[in-house]
Amino acid sequence: MKNTYNYMDLFRLFEEGIQRAERFKSIPDNIMRLKPNPSSWSAGEIFEHIVRFNTIYLRAIERTLDASQPVITTHPDFSSRKLIGYFIKKTRPPYKIKIKTIAPMKPGNAGDVDHHEILETLIDLNKKTISLLNELSKRKLDLDRVKGKNPVFKFKMTLTEFFLMLDAHQQRHFWQAENTLKNLTGNIF
């Protein structure tokens, strides 16, 4: 994980998220529904979880922006604080920290979901994130100085930390889905 990020670095993180999601679109739905074991998630459920997480975090970012006074920066280099940066780093793959999923972020009934629609939604959420970052960049908003409540843990995070957490979580689960599919099919996606 880098120490500092500018707006272009953040754009690239979510553009990479779009590219990774695109690679999964060719996988048949019946493969996306397969679970390595009954207690594990299928790749499709993993993507549904990412969508739920991203939706909740984007709402938290929007609430933070609505409730905050904009702080302008002339030096748009951003970084997370040490403790949250450490947590974000440990969330990225290959991860060693297991984190229990809370109810609003658990996937639904995998048999009833069109996983390709879920992937399209995930791609759209990444595009929405890039669009939001583009708007904040034009406004020259200081992402380190605008803070809001984390929707899960209820501590305050900077906008930089929100965006880095979104990416780290997404990368964590792309890696998990890739490993799940590799174990089930022997193919690398």
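To start, this report covers the structure provided alongside it. (Residues numbered from 1 in each chain as written. Predicted model: local features only at pLDDT ≥ 70, side-chain atom pairs only at ≥ 80, totals over all residues. Heavy atoms only, no water.)

### Things to note about the overall build of the protein
Item 1. Helix and strand content of the protein: six helices and two strands.
Item 2. When its helices and strands are written in sequence order, the protein yields α-α-α-α-α-β-β-α.
Item 3. For a compact globule of 189 residues, the expected C-alpha radius of gyration is about 16 Å, and the protein comes in at 17 Å, within 12% of that figure.
Item 4. Taken over the C-alpha atoms alone, the protein extends approximately 50 × 25 × 25 Å along its principal axes.
Item 5. The buried share of the protein, reckoned over its 189 residues, is 47%.
Item 6. Partitioning the contacts of the protein with sequence separation of at least 6, the portion at a separation of at least 24 is 84%.
Item 7. Taken as two groups, the 31 positive and 21 negative side-chain charges of the protein have centres that lie 8 Å from each other. (Helix = DSSP H or I, 4+ residues; strand = E, 2+ residues; numbered from the N terminus. Rg over C-alpha atoms; globule rule 2.2 N^0.38 Å. Buried < 20%, exposed > 50% of the residue type's maximum accessible area, 1.4 Å probe, protein only. Contact = heavy atoms within 4.5 Å. Lys, Arg positive; Asp, Glu negative; His and termini not counted. Charge placed at Lys NZ, Arg CZ, Asp CG, Glu CD.)

### Points about helix α4 (residues 82-91)
Item 1. Buried within α4 we find I84, G85, I88 and T91. Angular distribution of buried residues about the axis of α4 spans 120°; they occupy a single face of the element. Residues of α4 that are exposed and point over 90 degrees away from its buried face: K82, L83 and K89.
Item 2. Buried residues belonging to α4 abut β2 (156-158) and α6 (159-185). (Arc of directions from axis to C-beta.)

### A closer look at the environment of P70
Item 1. Looking at the element boundaries, P70 is found in the loop between α3 (43-67) and α4.
Item 2. P70 sits in the partly exposed class, given a relative accessible area of 47%.
Item 3. Expressed as a C-alpha distance, the spacing of P70 and R145, which sit 75 residues apart in the sequence, is 8.7 Å.
Item 4. Sequence-distant contacts of P70, that is, excluding residues within four places in its chain, are made with R139 and L141.

### A closer look at the nonpolar core
Item 1. With 51 residues, the main nonpolar core has F47, I61, L143, L159 and F163 as its most contacted residues.
Item 2. Looking at this core, the element that brings in the most residues is α3, giving eleven residues.
Item 3. Sequence-distant contacts of F163, that is, excluding residues within four places in its chain, are made with L10, F14, I61, T129, L132, L133, L136 and L143. (Core = buried A, V, L, I, M, F, W, Y, C linked by side-chain atoms within 4.5 Å.)

### Overview of unusual backbone geometry
Item 1. The omega angle of the peptide bond from P93 to P94 is -10°, so this bond is cis rather than trans.
Item 2. Note on placement: P94 falls in the loop between α4 and α5 (115-138).
Item 3. One non-glycine residue with positive phi stands out, namely K140, at about 60°.
Item 4. Along the chain, K140 turns up in the loop between α5 and β1 (147-149).

### Quick notes on the environment of N30
Item 1. Here N30 lies in helix α2 (residues 29-32).
Item 2. Put simply, N30 and G44 are 14 residues apart on the chain and 9.5 Å apart in space, counted from C-alpha to C-alpha.

### Some details on the packing of α3 against α5
Item 1. Across the interface, α3 lies against α5 with an axial gap of 9 Å and an inter-helix angle of 25°. If you check the angle between α3 and α5, you find them roughly parallel. In terms of crossing hand, the pair formed by α3 and α5 is left-handed. Residues G44, E45, F47, E48, I50, V51, N54, T55, L58, I61, E62 and L65 of α3 form the contact with α5, whose own contacting residues are H115, I118, L119, T121, L122, L125, N126, K128, T129, L132 and L136.
Item 2. Among the residues forming the contact of α3 with α5, the class breakdown is twelve nonpolar, seven polar and four charged. (Axes fitted to C-alpha atoms, helices over the stretch in contact; angles between N-to-C directions. Parallel < 35°, antiparallel > 145°, perpendicular 65-115°, else oblique. Left-handed = near helix turned anticlockwise from the far one by under 90°. Nonpolar A, V, L, I, M, F, W, Y, C, P; charged D, E, K, R; others polar.)

### What about the pattern of salt bridges?
Item 1. Summed over all chains, the structure comprises twelve salt bridges.
Item 2. With a closest N to O distance of 3.0 Å, R12 and D9 form a salt bridge. With R12 and D9 both in helix α1 (residues 7-23), this residue pair falls three residues apart, about one helical turn.
Item 3. Take R12: its relative accessible area is 39%, and that puts it in the partly exposed class.
Item 4. When salt bridges with common partners are traced through the structure, they connect R20, R23 and E178 into a single cluster. (Salt bridge = Lys/Arg side-chain N within 4 Å of Asp/Glu carboxyl O.)

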